[in-house]
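Secondary and tertiary structure notes
Each chain is listed here by its residues.
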Amino acid sequence: MSWYEKLNSGLSKSRERLSGQLNALVGRGVDIDESFWEDLEDTLIMADLGLEASEDIVARMKREVATKAFSSTEQVKEYLVSAIAQEFETVGDPFKLGAVTILAVGINGTGKTTSIGKLAKQGVDEGRTVILGSADTFRAAAGEQLDIWAERAGVPIVKRERGADAASVAYETVERAQEIGADLVLIDTAGRLHTSLDLMRELEKVQRVTRDRSKAPTFTVLVMDATTGQNGLVQAREFNKALALDAIILTKLDGTAKGGIALAISKELEIPIVRIGVGEAIDDLRPFVPEEFARALIG
């Protein structure tokens, strides 16, 4: 199965949720009146694309329809794919740069450690020198899981005993990276709720230490579970407020009817989604391409 087929299949629940409402609008025929646009905006909002993005998409489409004199709602539906793709923030993918340090953050259960492991293996396959840092010192299973990925990718890993200071692990990882000339440093952090002020302050310390020590640019990437929908948007807001996020990795798109949340997050926070996950295999975490995503979402 090709990547697009996997993405198309993964977004099937989201597409089904959206398609029924869109088809009802398209069924009106050639008449495109104000009530059509109002209903379309409501449809997009209900599909979790977010209020701001939905308003912008409809406004852009109305202008385009007037300019090109579209007369069919089928044509409107086709243009919707393009309009959605254009709404995504696309500048700032740290994985397209040279030497970088990536600090992965997020709540428990988002697939953060697994995503770090996949990125390590992909980095090695691309010819990069990679090192992992296991700064999740709360959960023993996280270190063990990252050990497996380190062995699979054939890369070194820095870790300490359970309960050790996470910032010191990050510091040591960056130091070791400089010694071996690593150009991709991936640091896993403990999952935490955005509502836990003490843990968020600890994460700010990890970020500060990493940035101060790393000679390469440091990027803070939120790994988010797409199935959480609007709750995920709330989480993203709080993590962004505390850490000034640089990018997002969106996982578990294959198990959600809320795929539209990808646009709501990227639009509101003005940061790019740089990777999306639609399965467990290494190749199921891929660079995010707005046009592919929009096509799979609309069908």
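Structure's up top.
A short tour of the structure in this document, coming up. Note that this is a predicted model, so its numbers are computed, not measured.

Thoughts on the overall build of the protein chain
- Secondary structure assignment for the protein chain yields 12 helices and eight strands.
- Taking 299 residues into account, the globule formula puts the C-alpha radius of gyration at 19 Å, and the protein chain, at 21 Å, falls close to it.
- Taking the principal axes of the C-alpha coordinates as reference, the protein chain spans close to 65 × 40 × 30 Å.
- Expressed as a percentage of its 299 residues, the buried residues of the protein chain come to 54%.
- By sequence separation, contacts in the protein chain at least 24 residues apart represent 77% of the contacts at least 6 residues apart.
- Here the protein chain has roughly 12,700 Å² of accessible surface; of this, 48% comes from carbon and sulfur atoms.
- The average position of the 36 basic charges and that of the 47 acidic charges among the side chains of the protein chain differ by 4 Å.

Brief notes about the layout of surface pockets
- Approximately 320 Å³ is the volume found for the largest pocket.
- In this structure, the largest pocket is lined by 24 residues; those nearest its centre are T110, G111, K112, T114 and K252.
- Among the elements that take part in the lining of the largest pocket, helix α6 (residues 112-125) stands out by supplying five residues, more than any other.
- Here the residues of the lining of the largest pocket are counted per class, giving four nonpolar, 13 polar and seven charged.
- Space inside the second largest pocket adds up to approximately 170 Å³.
- Along the wall of the second largest pocket there are 13 residues; nearest its centre are T90, D93, K96, I273 and F288.
- When contributions to the lining of the second largest pocket are tallied by element, the ones reaching two or more residues are β7 (273-277) and α12 (290-298).
- Looking at the lining of the second largest pocket residue by residue, the class counts come to seven nonpolar, one polar and five charged.

Comments concerning empty space enclosed by the protein
- Evaluation of the coordinates by the stated rule reveals two cavities of 30 Å³ or more.
- Looking at the largest cavity, its volume works out to about 60 Å³.
- Residue lining of the largest cavity: F95, L119, Q122, G123, E126, R128, L184 and R275, and that is the complete set.

Some points on the pairing of strand β1 (residues 100-105)
- Burial analysis of β1 places six of its six residues in the buried class, the great majority of the element.
- Neither face of β1 is open: one carries V100, I102 and A104, the other T101, L103 and V105, and all of them are buried.
- Strand direction decides the pairing type here: β1 and strand β4 (residues 184-189), joined by five bridges, are parallel. Opposite I102, over in β4, you have L186 as the bridge partner.
- Taken together, the five bridges between β1 and strand β5 (residues 218-225) define a ladder with parallel strand orientation. Bridge pairing in β5 places L103 opposite T220.

Quick notes on the pattern of salt bridges
- A complete count under the given rule lists 18 salt bridges for this structure.
- With its nearest N and O atoms 3.2 Å apart, the salt bridge here joins K62 to E34. Residue K62 is found in helix α4 (residues 51-68), and its partner E34 is found in helix α3 (residues 34-46); the two are separated by 28 residues along the sequence.
- Assessed through its relative accessible area of 31%, K62 is described here as partly exposed.
- We note a salt bridge from K121 to D125, for which the minimum N-O separation is 3.0 Å. One end of the pair is K121 and the other is D125, both in helix α6 and four residues apart, which spans about a single turn.
- In this structure K121 comes out as buried when scored by relative accessible area, which is 19%.

Thoughts on the packing of helix α1 (residues 3-10) against α12
- Viewed as axis vectors pointing N to C, α1 and α12 meet at an angle of 45 degrees, and their least axial separation amounts to 8 Å. What the angle tells us is that α1 and α12 run oblique. Once α1 is placed against α12, the crossing between them reads as right-handed. Contacts between α1 and α12 involve W3, Y4, L7 and N8 from the former and E292, F293, R295 and A296 from the latter.
- For the contact of α1 with α12, a count of residues per class yields five nonpolar, one polar and two charged.

Let's talk about the nonpolar core
- Counting 70 residues, the largest nonpolar core has L40, I57, M61, L80, I84 and F239 as its most contacted members.
- Considering each element in turn, this core owes the most residues, seven residues, to helix α5 (residues 73-87).
- Mapped onto the domain boundaries, this core takes at least three residues apiece from domain 1 (3-85) and domain 2 (94-288).
- Discounting residues that sit within four places of it in the chain, L40 has contacts with L22, L25, V58, M61 and L80.
- In terms of nonpolar packing, the next biggest core, distinct from the first, is built from 22 residues, L119, L146, L184 and V274 among them.

The rules behind the values
- Residues numbered from 1 in each chain as written.
- Predicted model: local features only at pLDDT ≥ 70, side-chain atom pairs only at ≥ 80, totals over all residues.
- Heavy atoms only, no water.
- Helix = DSSP H or I, 4+ residues; strand = E, 2+ residues; numbered from the N terminus.
- Rg over C-alpha atoms; globule rule 2.2 N^0.38 Å.
- Buried < 20%, exposed > 50% of the residue type's maximum accessible area, 1.4 Å probe, protein only.
- Contact = heavy atoms within 4.5 Å.
- Areas by Shrake-Rupley, 256 points an atom, 1.4 Å probe, with all protein chains shown as cover.
- Lys, Arg positive; Asp, Glu negative; His and termini not counted.
- Charge placed at Lys NZ, Arg CZ, Asp CG, Glu CD.
- 1 Å grid on protein atoms, 1.4 Å probe; cavity = no way out; pocket = protein on both sides within 12 Å on 5 of 7 lines; lining within 4 Å.
- Points joined across faces, edges and corners; volume = space filled by probe spheres on them.
- Nonpolar A, V, L, I, M, F, W, Y, C, P; charged D, E, K, R; others polar.
- Pairing = 2+ DSSP bridges.
- Salt bridge = Lys/Arg side-chain N within 4 Å of Asp/Glu carboxyl O.
- Axes fitted to C-alpha atoms, helices over the stretch in contact; angles between N-to-C directions.
- Parallel < 35°, antiparallel > 145°, perpendicular 65-115°, else oblique.
- Left-handed = near helix turned anticlockwise from the far one by under 90°.
- Core = buried A, V, L, I, M, F, W, Y, C linked by side-chain atoms within 4.5 Å.
- Domains from an automatic or database assignment.

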